[in-house]
Amino acid sequence: MKTSLARHITGWMFFIYSLFSVLVAQSYTISGTIRDAIARETLIGATILEGISGKGTTSNSYGFYSLTLPRGEVEVRFSYIGYETESHPFTLNRDTTIQVLLKPAAQELQQIVVEAGNTPLRTTRTGTVTIPMDQLKNIPSLLGENDLMKSLQLLPGVQTTSEGKSDLSVRGGSPDQNLILLDGIPIYNANHLYGFLSVFNTDAIKNVTLYKSGFPARFGGRLSSVVDIHTNDENKERMEGSASVGLLAMKASIEGPLIKDKTSFTFSVRRTYLDLFMDKITDWIN
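Only a predicted model underlies this, so the values are computations on that prediction, with no experimental measurement involved.

Undergrad: So, the overall build of the chain: which residues are in play, and what are the values?
TA: Within the chain, the secondary structure is distributed over four helices and 20 strands. When the 286 residues of the chain are sorted by exposure, 30% land in the buried category. Nonlocal contacts in the chain, meaning residues at least 24 apart in sequence, comprise 50% of its contacts between residues at least 6 apart. Total accessible area computed for the chain in this model is approximately 19400 Å², and 57% of it derives from carbon and sulfur atoms.

Undergrad: Describe the environment of Phe215, with residues and values.
TA: Along the chain, the position of Phe215 falls in the loop between strand S16 (205–211) and strand S17 (225–231). With ten residues separating them in the primary sequence, Phe215 and Ser225 have C-alpha atoms 7.7 Å apart. Residues contacting Phe215, with those up to four places away along its chain left out, are Arg222, Ser224, Ser225 and Val226.

Undergrad: Summarise the pairing of strand S4 (residues 64–70); cite the residues concerned and give the values.
TA: Of the two faces of S4, only the one carrying Tyr65, Leu67 and Leu69 is buried; Phe64, Ser66, Thr68 and Pro70 on the other face are not. In terms of strand pairing, strand S1 (residues 27–36) meets S4 through seven bridges, oriented antiparallel. Of the residues in S4, the one forming a bridge with Ser31 is Ser66.

Undergrad: Lay out the nonpolar core with the relevant residues and their values.
TA: Of all hydrophobic cores here, the largest spans 18 residues; its most connected members are Leu148, Leu152, Phe200, Val227 and Ile229. Elements supplying a minimum of two residues to this core: helix H2 (133–136), helix H3 (148–152), S16 and S17. Those residues in contact with Phe200 that lie beyond four places of it in its chain are Leu148, Met149, Ile180, Leu182, Ile187, Ala190, Ile205, Ile229 and Arg270. In this structure, Ile30, Ile34, Leu67 and Leu102 belong to the second largest nonpolar core, which totals 17 residues.

Undergrad: An account of the packing of aromatic side chains is needed here, citing residue identities and associated values.
TA: Counted under the stated rule, the structure contains two aromatic pairs. Relative to Phe78, the ring of Tyr65 lies with its centre 5.4 Å away and its plane at 65 degrees, an arrangement referred to as edge-to-face. A residue pair is termed long-range when its members are at least 10 positions apart, and Tyr65 in strand S4 and Phe78 in strand S5 (residues 72–79) qualify at 13 residues. This pair shows no difference in class: Tyr65 is buried, exactly as Phe78 is.

Undergrad: Lay out the sheet that holds S17 with the relevant residues and their values.
TA: Here we have five strands laid out as an open sheet, ordered S9-S16-S17-S12-S13, and mixed in their pairing. Of all the strands in the sheet, just strand S9 (128–132) and strand S13 (185–186) have a single pairing partner and so form its edges. With six bridges connecting them, S16 and S17 associate as antiparallel partners. Bridge assignment links Thr209 to a residue of S17, and that residue is Asp228.

Conventions we followed
Residues numbered from 1 in each chain as written. Predicted model: local features only at pLDDT ≥ 70, side-chain atom pairs only at ≥ 80, totals over all residues. Heavy atoms only, no water. Helix = DSSP H or I, 4+ residues; strand = E, 2+ residues; numbered from the N terminus. Buried < 20%, exposed > 50% of the residue type's maximum accessible area, 1.4 Å probe, protein only. Contact = heavy atoms within 4.5 Å. Areas by Shrake-Rupley, 256 points an atom, 1.4 Å probe, with all protein chains shown as cover. Pairing = 2+ DSSP bridges. Core = buried A, V, L, I, M, F, W, Y, C linked by side-chain atoms within 4.5 Å. Phe/Tyr/Trp six-rings, centres within 6.5 Å; stacked < 30°, edge-to-face > 60°.

Laid out in structure tokens, this is it:
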């Protein structure tokens, strides 16, 4: 009885194994390489999709693909961005190799017509601030002394390195990463009186432009910012000037023609008298 049962079980196992082998034998593999039809370069990540079963895969880093499908009628489509889709319908009854050459898709662009209009062109420079001196002089000043660099510290994206100093830290940069130009001439030390004041006389300045990003190519490479300062245009017709006295310094500016309408001059000076008090304090301490 036991021998008969064992033979029965063995027969069923052989039947199941044979059936499984037949079912496995009904599946075949489609493989190959996908390349550019012109350059013959392999296409990485191309899509391979069988339209009837919906099964698919993609090509690997070598352009190779492999797709196992059941036996029967199949329609394999090969596609890649910027290339024409290629379709291969056939009867799958054995392992098949298909080398695919995809052609670049030719796209015809529509005609573009450029017409001039009456609307004026407006351009916006991001990260650029231009300050006229008339506006700068209306900014609250320290003890009556207008200071260019301290006024720039009030702009967005600009900070001071330490309290009371006129150094600029633009968008996290250090002061030595700023380019300061006076009529195109680099100013390497813009501080005076231990950084408490800047060296610029606001009476002799026409405007100042701060570039916080997107510097023009004429300035060269800078890590943080560019401060472009322009002095007043000298008067070639008549003599004029200004003078002021504050608690920290006194300053004067004069300009006029040497030869009318041909040659002119401008002269500006600023003098602080805090050093007079500092000398007395130093002598008293010593």
